[in-house]
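Now for the letters of each chain:
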Amino acid sequence: MANDGVKIARRGFLKLAAAGAAAGAAAAPERAEAFGLAQAKDGLAPDREVPTYCELCFWNCGVVARARKNRVLALKGHPAYPNANGKLCGRGQAGAGFVVDEDRLKYPMIRTGSRGEGKFRRAGWSEAYGVIADGFSRIKARYGAEALALFYHGSGGPLLRQMLVAYGSPNYAGPSYAQCKGARNVGYKLTFGEKIVSPEPIDLERTRCMVLFGSHLGENAHNSQVQEFVKARARGASLVVLDPRLSTVASKADVWLPIRPGYDTAVILAWLHLLVKERTYDAAFVKAHTVGLDALAAHVAPFTPEWAAERAGVPAARIVDAYRLMVNAMPAVAVHPGRHTAWYGEADTQRARAQAILTALLGAWWRPGGIYRTEKMSVPDYPTPDFPDLPKNVDEAAGRFPFEEEVTTNGIRDATRTGKPYPVKGWLVHGTNLIQSMPGVRETVDAIRNLDLLVVCDVLPTEITQYADVLLPEDTYLERWDDLSIGFTKTPYVGLRQPVVQSPHDTRPAWRIAKELGARLGVGDFFPWATFEDYLSVRLAGAGLSLDQLRKDGIALAPRKTPLYLADGEPFHFHTPSGKIELHSQQLADKGFAPLPTCEGPPLPPAGRFRLLYGRSPLHTFGRTQNNPILADLEPTNALWMSPADAAALGLEDGTPVLVQNDKGSETGPLPLKVTDRQADGAVYMVHGFGHWSRRLHRARGQGGDDTAVIDDYAVDPISGSTGMRTQLVTVRRAERTVA
Ligand SMILES: Nc1nc2c(c(=O)[nH]1)N[C@H]1C(S)=C(S)[C@@H](COP(=O)(O)OP(=O)(O)OC[C@H]3O[C@@H](n4cnc5c(=O)[nH]c(N)nc54)[C@H](O)[C@@H]3O)O[C@H]1N2
Ligand SMILES: Nc1nc2c(c(=O)[nH]1)N[C@H]1C(S)=C(S)[C@@H](COP(=O)(O)OP(=O)(O)OC[C@H]3O[C@@H](n4cnc5c(=O)[nH]c(N)nc54)[C@H](O)[C@@H]3O)O[C@H]1N2
Ligand code: SF4
Ligand SMILES: [Mo]
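Residues numbered from 1 in each chain as written. Chains lettered and ligands numbered in written order. Predicted model: local features only at pLDDT ≥ 70, side-chain atom pairs only at ≥ 80, totals over all residues. Heavy atoms only, no water.

Sequence positions flagged by UniProt for "domain: 4Fe-4S Mo/W bis-MGD-type" (unreviewed entry) are, in local numbering, residues 47-103. Secondary structure across residues 47-103 comprises 16% helix and 35% strand; the distance between its end C-alpha atoms is 28 Å. (UniProt positions renumbered as here; feature names shortened; annotations may be inferred. Helix = DSSP H or I, 4+ residues; strand = E, 2+ residues; numbered from the N terminus.)

Rendered as structure tokens:
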């Protein structure tokens, strides 16, 4: 790409006053002072501002870090990043809490106790690499390279994946697929020929109506998405929210449908019914771009609003109200594809398909105000030797999940437990706490028992680290280089992660671990660069950019090459077998799945048992922030939401410490009960990520409850391979102990 194609972001980010004015949700900077993180009253002023990007969640917002000597004083939003617009959310502002956390992993360790006991001795890097290289080569020699697996989530993962693939294994997976977006990606890909990327390309700048299934924006705090949502509402865009709980965003809706958990598809089918029956669908768009309308029309004929109302437990009139809001706004209707969609198993891909078909009938795919087209900046990879031919991954070899987009964490775990379709004997786990992120904890522990070697690379002593044979401490994101962040916003961009301060401990970044361990494993050729700056310089040069300039600016934006929307009447060949948007999916039919969405809602729980639902808090990310000194102070625990009627039936009051149990004897808590009419009867709700038990997490340990600890009854989607996790029913009882 030529140099002149790229517009370097203005260096105006140094003018921080304006940007800081509307900082994110929380009072984190003030709290930061209390922890000695921020510009303190002793007159410390920053001696530099370093642009980088956030790793507190995977929106990867642009950050401007203010630092003095080896101390981070404050983190501000980078004005030129489209996903930040000069602001950070409360978590992003609290990122320096990772650096100063006294519990963080400080040097490599080798296990001395039994797995899970958390007993280790200090080791040097060379010794640790030696143990890993020996273990991995023994596994490869005995079982083949495919017996090694990588679990990863975060910016350091791709280079470790490169190491694993060079070594010959196809088994790399993240909970961000099978426990998160898997069903959504597969449902949209089957329909439109492409999966939904992150950030979700919903055109909130132009939308006239937003439709959310769960997607609890505001609690689920993705920076620019929340900002754009607020602006869209202020501009008068209407809002439809389906959620059994009165979430923050549901409380702002024009139409809130407090549906029975798992019955979203019934409501969507009724909307499709109305669109067809009243001929309100975008006929020109449907004619030009879709196949299967006749089959769809016949399929949805019986699904009246009354039919849906009875199943979903909401008034038919409200279903129709929501439909009218959409029809009034079409095609500028942003049907949020969802993100965490691992709810009920096969029903999840079917629900995603229904959402995709709704988008198509509204004419909202690649149209202003609906879903826009994404484009990524082209930044070439660093040249490597040819990768070896890989054997089939565990899922392919087992002949399951015909439409999977990524290998599943659960597939690797099953292979590790059972030895089928082939044994997996070594795990490398980077930036994912599998004990909290995968349902069926006993199966995870069982699998770990079968391993010859478990290597964990983390920044904190979270639960998974306590099982490690070798524990590698990574630099925190404010101390390291990472690979480029290649953004998928409306404007293509590339963002740089660079060190703001130096780690005070014997920690290393993932790129260095990949290079050094790769050399020990005999795949050093794949990491031929001397320093990471060399690696980045070569990649950037391929895009006509310079590392020096990017170090100053933090980001480079490029003009788009493709249009943002499909022009009216423009023919387009979608990447589906028919080349069209597939309302009826022959691909699904050919594999024995329903080609048109069905609604198999879960049964209602019997009295005394509750469906366990979970979600997000704006001040925490999964299980990674509970030990952060700033965020732990702001929000130390989660609570269990329960309806007043259910609480009364159990004789429990607001604030009572409770334990949550399932019928397999798993238990979590105590956590305080929150009795609220925002929660529907028959279901309970908690924020995911609390209830840590690792003894080394001094702040987080024993605070609140862990939903995962009681999710043993999960449903695997045979289409996408993801694990529905809202199938679990639980009981609730008063805890003997009091909540701290
Ligand atoms: N602050 C913060 N923000 C985050 C994250 C974080 O950890 N912290 N994580 C990010 C990630 S990776 C993800 S995947 C997303 C997850 O966030 P979302 O994609 O929004 O997750 P959902 O499961 O859709 O949302 C949870 C909501 O679904 C409701 N719900 C439960 N059952 C049903 C049902 O059957 N139907 C409907 N319609 N609603 C139901 C719950 O009451 C709750 O309000 O959040 C992202 N944003
Ligand atoms: N029950 C239940 N399960 C869920 C969910 C849920 O809501 N409920 N949500 C699902 C979703 S949507 C997702 S995306 C996944 C998320 O799953 P995970 O990504 O596994 O989330 P965490 O549990 O936060 O694990 C993060 C781990 O990374 C470590 N870490 C943090 N920063 C760094 C770093 O810079 N380097 C390294 N090496 N390690 C780091 C943390 O200390 C922690 O051990 O979980 C899924 N699982
Ligand atoms: S949304 Fe918040 S936590 Fe996530 S990357 Fe942006 S600032 Fe960081
Ligand atoms: Mo996720």
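Packing of helix H12 (residues 305-312) against helix H13 (residues 316-329) leaves a shortest axis separation of 8 Å and a crossing angle of 115°. The interaxial crossing formed by H12 with H13 has right-handed handedness. Taken together, the residues of H13 that come into contact with H12 (itself represented by Pro305, Glu306, Ala308 and Ala309) are Ala316, Ile319 and Val320. Partitioning the contact of H12 with H13 into residue classes produces six nonpolar, no polar and one charged. (Axes fitted to C-alpha atoms, helices over the stretch in contact; angles between N-to-C directions. Left-handed = near helix turned anticlockwise from the far one by under 90°. Contact = heavy atoms within 4.5 Å. Nonpolar A, V, L, I, M, F, W, Y, C, P; charged D, E, K, R; others polar.)

Here the amide bond leading from methionine 330 into proline 331 is cis, since omega sits at 10°, within 30 degrees of zero. Note the cis peptide between glycine 669 and proline 670, where omega equals 0°. Its location among the elements puts proline 670 in strand E24 (residues 667-675). Residue lysine 69 is not a glycine yet carries a positive backbone phi of 45°. By the element assignment, lysine 69 lies in the loop between strand E3 (62-68) and strand E4 (71-77). We classify lysine 69 as exposed; its relative accessible area is 63%. Its identity as a non-glycine residue notwithstanding, arginine 279 has a phi of 50°, on the positive side. Inspection of the secondary structure assignment puts arginine 279 in the loop between helix H9 (264-277) and helix H10 (283-289). (Buried < 20%, exposed > 50% of the residue type's maximum accessible area, 1.4 Å probe, protein only.)

The mixed open sheet is built from seven strands, whose spatial order is E6-E5-E16-E15-E14-E7-E8. The two strands at the open ends of the sheet, each matched to only one other strand, are strand E6 (120-122) and strand E8 (172-173). Here strand E7 (residues 148-152) runs beside strand E14 (residues 426-430); their pairing, made up of five bridges, is parallel. What sits directly across from leucine 150, in E14, is leucine 428. Lying over the sheet, helix H6 (residues 157-167) contacts E7, E8 and E14, oriented at roughly 170° with respect to E7. (Pairing = 2+ DSSP bridges.)

Moving on to the domain arrangement of the protein chain. Per the domain assignment, the segments making up the protein chain are domain 1 (10-25 + 604-734), domain 2 (109-178 + 378-489 + 505-546) and domain 3 (182-373 + 578-590). For domain 1 versus domain 2, the separation of C-alpha centres amounts to 28 Å. Facing the 32 residues of domain 1 at the interface are 32 residues of domain 2. Interface area, domain 1 with domain 2, both sides summed: about 2300 Å², of which 50% is carbon and sulfur. Three residues stand out in domain 1 for area buried against domain 2, namely Trp693, Arg696 and Tyr714, and they jointly supply 26% of the buried area on that side. (Domains from an automatic or database assignment. Buried area = accessible area lost by both parts, 1.4 Å probe.)

Our focus in this paragraph is the site of ligand 1. Surveying the vicinity of ligand 1 reveals 31 residues, the closest of which are Asp243, Gly262, Asp264, His620 and Arg726. Separating a nitrogen atom of ligand 1 from a backbone N or O atom of glycine 214 is a distance of 3.1 Å. Here an oxygen atom of ligand 1 and a side-chain polar atom of arginine 245 are 2.9 Å apart. For ligand 1, whose unbound accessible area comes to 920 Å², protein coverage reaches 99%. For the shell around ligand 1, the per-class residue count stands at 13 nonpolar, ten polar and eight charged. Looking at the shell around ligand 1, you find at least three residues from each of domain 1 (10-25 + 604-734) and domain 3 (182-373 + 578-590). (Near = heavy atom within 4 Å. Polar contact = N/O pair within 3.5 Å; in protein donor to acceptor, adjacent residues only side chain to side chain. Areas by Shrake-Rupley, 256 points an atom, 1.4 Å probe, with all protein chains shown as cover.)

This part covers the site of ligand 3. With respect to spatial proximity, the complete set of residues near ligand 3 consists of Cys54, Leu56, Cys57, Trp59, Asn60, Cys61, Leu88, Cys89, Arg91, Gly92, Ala221 and Asn223. A majority-of-atoms criterion places ligand 3 in the largest cavity. Classifying every residue of the shell around ligand 3 by side-chain character gives eight nonpolar, three polar and one charged. (1 Å grid on protein atoms, 1.4 Å probe; cavity = no way out; pocket = protein on both sides within 12 Å on 5 of 7 lines; lining within 4 Å. Sits in = over half its atoms within 2 Å of the grid points.)

So, about the packing of aromatic side chains. Counted according to the given criterion, the structure contains 23 aromatic pairs. Between phenylalanine 527 and tryptophan 529 the ring centres are 6.0 Å apart and the planes differ by 85°, which places this aromatic pair in the edge-to-face class. With a centroid separation of 5.4 Å and 75° between ring planes, the pair formed by tryptophan 641 and tyrosine 685 is classed as edge-to-face. In this pair, tryptophan 641 sits in strand E22 (residues 640-642) while tyrosine 685 sits in strand E25 (residues 683-687), placing the two residues 44 residues apart along the sequence. Across the pair, tyrosine 685 and tryptophan 641 agree in class, each one buried. Members of the aromatic cluster, connected to one another through ring pairs, are Tyr188, Phe192, Trp365, Trp366, Phe572 and Phe574. (Phe/Tyr/Trp six-rings, centres within 6.5 Å; stacked < 30°, edge-to-face > 60°.)

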